[in-house]
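Here is what each chain is made of, one letter per residue.
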Amino acid sequence: MPTRKNLVESFSSSADKISKIHSCLKQDFPCSSGHKHGYSLRINCGGPEAVINDTNYVSDLESRGASLFYSGPNWALSSTGNFMDTDIDGDLYRITNTSPLSNINGSFEEIYRTARVSPLSLTYYGLCLLNGNYSVKLHFAEIVFSNDSSFNSLGRRVFDVYIQGKMVLKDFDIAKDAGGAGRAIVKSFNVIVNKHTLKIHLYWAGKGTTGIPVRGVYGPLISAISVDPNFIPPSPKAKKSYVILVAGVLAASLLFVLVAFIGLRRKGYLGGKLYEEKGNSTPQTCS
């Protein structure tokens, strides 16, 4: 099997533009000039598009996983690593629940039926966001292990979560925090975006089980991501009004300068007459 390499964020964000390096290879995914900035994001990780309470969660159906990079309109996904099993070609990086779901509001159940998993490192990026403070919600449900007395119930999935490079969850065990497998839990964070890019990184640090219910079941798992601004986003109407206001101010300023120029010239300060002739009267002089 050929070796795959994931080179996402392997270059400095200030890399020479002449080299035509793709933005995904630069640190922090710099937003290309002229790209429209957004202020919200919702992803149904590992699942199809879902509409919940009139809110759209975009699909995440890329089936590849090892050394994967996928880029959507305003988000991207990077995954690295192979599961430690004997069927690398058959590994699944998108999974569907095998455990019954509980304590989940009916309208939200759809985003917890599926999830994206990774054997080592899983990173989601929110791209070209307006800079500011955001509320980030990470949705989890352990949908592989069970709550019964079977061998399947002995599994433990443990991983770390980083947002903007800062660890926000250490040794996170979904089932333990949620009160059992098949139960949803949402972790919320306030996050500052100052370079137009949001980075959510899930990382397996070698903890938990690796062979329950079968060999190769471990690593980060996430059901959905939602990102909302903690500020009032600009509306297209407000932007149009702002443009009109600026144009009006500029026009008024130009008119004021023009009137002032004419007035000063008439008074002779800018090379105009030093006096106004009145009939045939002789002007006064200083001699």
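Small disclaimer: the values here were computed from a predicted structure and weren't measured. (Residues numbered from 1 in each chain as written. Predicted model: local features only at pLDDT ≥ 70, side-chain atom pairs only at ≥ 80, totals over all residues. Heavy atoms only, no water.)

Colleague: Teacher, can you tell me more about the overall build of the chain here?
Modeller: Of regular secondary structure, the chain possesses 3 helices and 15 strands. Relative to its 287 residues, the chain shows a buried fraction of 38%. Long-range contacts, defined as pairs at least 24 residues apart, comprise 70% of the intrachain contacts of the chain with a sequence gap of at least 6. (Helix = DSSP H or I, 4+ residues; strand = E, 2+ residues; numbered from the N terminus. Buried < 20%, exposed > 50% of the residue type's maximum accessible area, 1.4 Å probe, protein only. Contact = heavy atoms within 4.5 Å.)

Colleague: Got a minute to help me understand unusual backbone geometry in this structure?
Modeller: Between I212 and P213 the backbone carries a cis peptide bond, its omega angle lying at 0 degrees. With respect to the helices, strands and loops of the structure, P213 is situated in the loop between β13 (198-203) and β14 (221-222). Positive phi, close to 65 degrees, is recorded for D54, a residue that is not glycine. Residue placement: D54 occurs in the loop between β2 (50-52) and β3 (55-59).

Colleague: For this particular structure, what's the right way to read the pattern of salt bridges?
Modeller: Pairing is possible between side chains of opposite charge, provided their charged atoms come close. If you walk through the whole model with that rule in mind, you get 8 salt bridges. Of the charged contacts in the structure, one is a salt bridge between E62 and R64, with a shortest N-O distance of 2.8 Å. The exposure class of R64 is partly exposed, given its relative accessible area of 44%. Between R113 and E109 there is a salt bridge, with its nearest N and O atoms 3.6 Å apart. (Salt bridge = Lys/Arg side-chain N within 4 Å of Asp/Glu carboxyl O.)

Colleague: Looking at this structure, how should I read the sheet that holds strand β7 (residues 114-117)?
Modeller: As a general point, the strands of a sheet are linked pairwise by backbone hydrogen bonds and lie either parallel or antiparallel. Within the open sheet, the 3 strands sit side by side as β6-β7-β14. Their pairing is antiparallel. Only two strands of the sheet have a single neighbouring strand rather than two, namely β6 (94-96) and β14. Bridge count for β7 against β14 is 2 bridges, and the pairing is antiparallel. Each residue of the ladder has a partner; that of V117, found in β14, is L221. (Pairing = 2+ DSSP bridges.)

Colleague: Can you walk me through the state of the cysteines in this structure?
Modeller: Simply put, the disulfide is a covalent bond whose two ends are the sulfur atoms of two cysteines. The final tally for this structure, using the stated rule, is 1 disulfide. A sulfur-sulfur separation of 1.9 Å characterises the disulfide bridge that pairs C31 with C128. Here C31 and C128 share a disulfide; its torsion about the S-S bond, 105 degrees, makes the bridge right-handed. One end of the pair, C31, is in the segment before β1 (41-44); the other, C128, is in the loop between β8 (121-126) and β9 (132-141), with 97 residues separating them in the sequence. The exposure class assigned to C31 is partly exposed, which follows from its relative accessible area of 22%. (Disulfide = S-S within 2.5 Å.)

Colleague: It is not clear to me how the side chain of S146 should be interpreted in this structure. Could you clarify?
Modeller: For S146, the position within the fold is in the loop between β9 and β10 (158-163). A residue is classified by how much of its surface remains accessible, and S146, at 13% relative accessible area, is buried. Within the structure, S146 has its side chain in polar contact with the backbone nitrogen of S153 (distance 3.4 Å). When residues no more than four places from it in sequence are discounted, the contact partners of S146 are S99, N152, S153 and A181. (Polar contact = N/O pair within 3.5 Å; in protein donor to acceptor, adjacent residues only side chain to side chain.)

Colleague: What is the right way to read the environment of F140 from this model?
Modeller: Locating F140 in the fold gives a position in strand β9. By relative accessible area, F140 is classed as buried at 0%. The contacts of F140, once residues within four sequence positions are left out, are Y112, F159, F172, I174, R183, A184, I185, K187, L202, L221, I222 and S223.

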